[in-house]
Amino acid sequence: MKKAIVAVSFGVGDIQVKERCLDALLADVREAFQNFEVYEAWTSSFLRKKMAREGYVYPSLEELLEELSEAGFADVVIMPTHLTPGEEFQRKIVPGAEAFSDRFGSLRVMEPVFTVKSAEDFAFLTGEVLGLSQLAEDEEMVFMGHGSPHQHNPAYELLQQYADSRGWQVHIGVVEPEDYPNKEDVLKRLTARGVRRVYLRPLLLAGGNHALHDLAGDEPESWKSVLHGAGFDVRCSTKGLGEYAAFRNLYVQKLKSIADLSFDNQKL
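Thresholds applied
Residues numbered from 1 in each chain as written. Predicted model: local features only at pLDDT ≥ 70, side-chain atom pairs only at ≥ 80, totals over all residues. Heavy atoms only, no water. Helix = DSSP H or I, 4+ residues; strand = E, 2+ residues; numbered from the N terminus. Rg over C-alpha atoms; globule rule 2.2 N^0.38 Å. Contact = heavy atoms within 4.5 Å. Lys, Arg positive; Asp, Glu negative; His and termini not counted. Charge placed at Lys NZ, Arg CZ, Asp CG, Glu CD. Pairing = 2+ DSSP bridges. Axes fitted to C-alpha atoms, helices over the stretch in contact; angles between N-to-C directions. Core = buried A, V, L, I, M, F, W, Y, C linked by side-chain atoms within 4.5 Å. Buried < 20%, exposed > 50% of the residue type's maximum accessible area, 1.4 Å probe, protein only. Parallel < 35°, antiparallel > 145°, perpendicular 65-115°, else oblique. Left-handed = near helix turned anticlockwise from the far one by under 90°. Nonpolar A, V, L, I, M, F, W, Y, C, P; charged D, E, K, R; others polar. Salt bridge = Lys/Arg side-chain N within 4 Å of Asp/Glu carboxyl O.

> Give a description of the overall build of the protein that names residues and reports values.
Of regular secondary structure, the protein possesses 11 helices and 8 strands. Here the protein has a C-alpha radius of gyration of 19 Å; the compact-globule value for 268 residues is 18 Å, and the two agree. On the principal axes, the C-alpha backbone points of the protein span a range of 60 × 40 × 35 Å. In the protein, the share of contacts with a sequence separation of at least 24, taken over all contacts with a separation of at least 6, comes to 77%. With 29 positive and 41 negative side-chain charges, the protein shows a separation of 1 Å between the mean positions of the two kinds.

> Account for the sheet that holds strand E7 (residues 197-202), naming residues and giving values.
Working definition: the strands of a sheet are paired by backbone hydrogen bonds and lie parallel or antiparallel to each other. The strand order E6-E5-E7-E8 describes an open sheet built from 4 strands, whose pairing is parallel. The open sheet has two free edges, formed respectively by strand E6 (170-174) and strand E8 (233-236), since each of these has just one partner strand. On average, each strand axis in the sheet is tilted by 25° relative to the strand beside it, whichever way the strands run. Alignment of strand E5 (residues 139-145) against E7, held across 6 bridges, turns out to be parallel. In the sheet register, Phe143 faces E7, and the bridge partner there is Arg201. On top of the sheet, helix H7 (residues 155-165) reaches E5 and E6; it is set at about 175° to E6, its chief contact.

> For the nonpolar core, give the residues involved together with the corresponding values.
Judged by nonpolar contacts, the single largest core of 55 residues is most densely connected at Ile5, Met79, Phe114, Leu125, Leu203, Phe247 and Tyr251. Excluding residues that lie within four positions of it along the chain, Met79 makes contacts with Ile5, Val6, Ala7, Val8, Leu25, Val29, Met110, Tyr251 and Leu255. Within the second largest apolar cluster, 17 residues are counted, among which are Leu61, Val76, Phe89 and Ile93.

> Give a detailed account of the environment of Leu205, specifying residues and quantitative values.
Its place among the elements puts Leu205 in the loop between E7 and helix H9 (209-215). Between the alpha carbons of Leu205 and Gly145 there is a distance of 9.6 Å; along the sequence they are 60 residues apart. For Leu205, the contacting residues outside a window of four places in its chain are Cys21, Leu22, Leu25, Thr81, Leu83, Gly240, Leu241, Gly242, Phe247 and Tyr251.

> Before we move on, could you go through the sheet that holds strand E4 (residues 106-109) and cite the residues and values that matter?
Pairing is parallel in the open sheet, where 4 strands are placed in the order E2-E1-E3-E4. Sheet topology places strand E2 (37-42) and E4 at the edges, where each strand pairs with a single neighbour. For this sheet, the mean angle separating the axes of adjacent strands, direction not counted, is 20°. In this sheet, E4 lies alongside strand E3 (residues 75-80) in parallel orientation, the contact comprising 4 bridges. Across the sheet, the residue bridging to Ile78 is Val109, located in E4.

> Can you lay out the packing of helix H4 (residues 61-70) against helix H5 (residues 87-98) for me, pointing to particular residues and giving the numbers?
At their nearest, the axes of H4 and H5 sit 9 Å apart, and the two run at 25° to each other. Between H4 and H5, the interaxial angle falls into the category roughly parallel. In this structure, H4 meets H5 at a crossing whose hand is right-handed. Facing Leu61, Glu62 and Leu65 of H4, the residues of H5 in contact are Lys92, Ile93, Gly96 and Ala97. A breakdown of the residues in the contact of H4 with H5 according to their chemical character gives 4 nonpolar, 1 polar and 2 charged.

> Got a sec to walk through the pattern of salt bridges? Specific residues and values, please.
Applying the stated criterion across every chain yields a total of 12 salt bridges. Of the charged contacts in the structure, one is a salt bridge between Lys50 and Glu54, with a shortest N-O distance of 2.9 Å. What makes Glu54 partly exposed here is its relative accessible area of 44%. The shortest N-O distance in the salt bridge between Arg197 and Asp233 comes to 3.5 Å. You can see Arg197 sitting in strand E7 and its partner Asp233 sitting in strand E8, a full 36 residues away along the chain. Its relative accessible area of 31% is what places Arg197 among the partly exposed residues. It is possible to trace a salt-bridge network through shared partners that takes in Lys18, Asp23 and Glu40.

This is the structure in structure tokens:
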């Protein structure tokens with residue numbers, strides 16, 4: 001019986017970033033689930049077209065599910081690489097999977113790794129996974145996540161609450177202007193706590209354009225520029241979380257809760 005794991009990403013516009021983050025995750029998944037064939041799909045039509053012009057072709061979720069159905073796959077597990085159940089997950093991955101729910105013996109969708117209802121649901125996170133050992137003396141971590149443009153995404157607030165409950169020197173905001181906490185909220189929080197030195201990192205699986213421009217760019221509105229202009233000593237990393245084996249392992253462990261189940265007559 002043919003079984004497949006489909007990793008669904010927004011996409012990345014830099015092939016080297018993709019290799020370090022998404023490809024590294026796919027390699028881990030293939031190693032952990034050797035009885036599955038592993039494929040990838042992208043939800044961003046813009047990035048699919050951009051990369052196709054450069055010779056790299058990635059299907060949409062619907063295109064790939066159609067191919068797997070025609071190839072006779074009976075069991076499919078969809079693994080979103082998106083960190084939270086935000087707009088891309090709710091409006092593209094879930095409807096895309098539902099459209100093919102009757103085409104396979106089993107079609108299951110893994111929840112994103114940051115699917116939580118309360119701060120305590122982040123108990124699976126450790127300082128090692130978040131790389132807190134990288135902090136220098138008197139330095140605190142500032143993470144820039146994505147956020148959701150269509151409605152407030154509470155995962156980032158809840159992660160902040162969990163970090164505070166653990167006493168971690170971590171501050172979290174999002175880049176989406178319609179969501180919060182935004183960089184102004186983070187700036188107020190840092191100022192109120194008397195922080196002077198920060199290590200700025202993307203809370204993103206892949207360190208693509210958001211990391212290079214919104215976070216660490218030289219533009220006046222980048223997080224680096226705003227924090228530096230406010231008098232903070234700023235150190236930056238544009239490495240995506242996918243470059244760290246400890247973080248990639250979160251996907252493998254969550255996927256096991258889906259892939260290890262019996263597939264008999266299981267539907268969405």
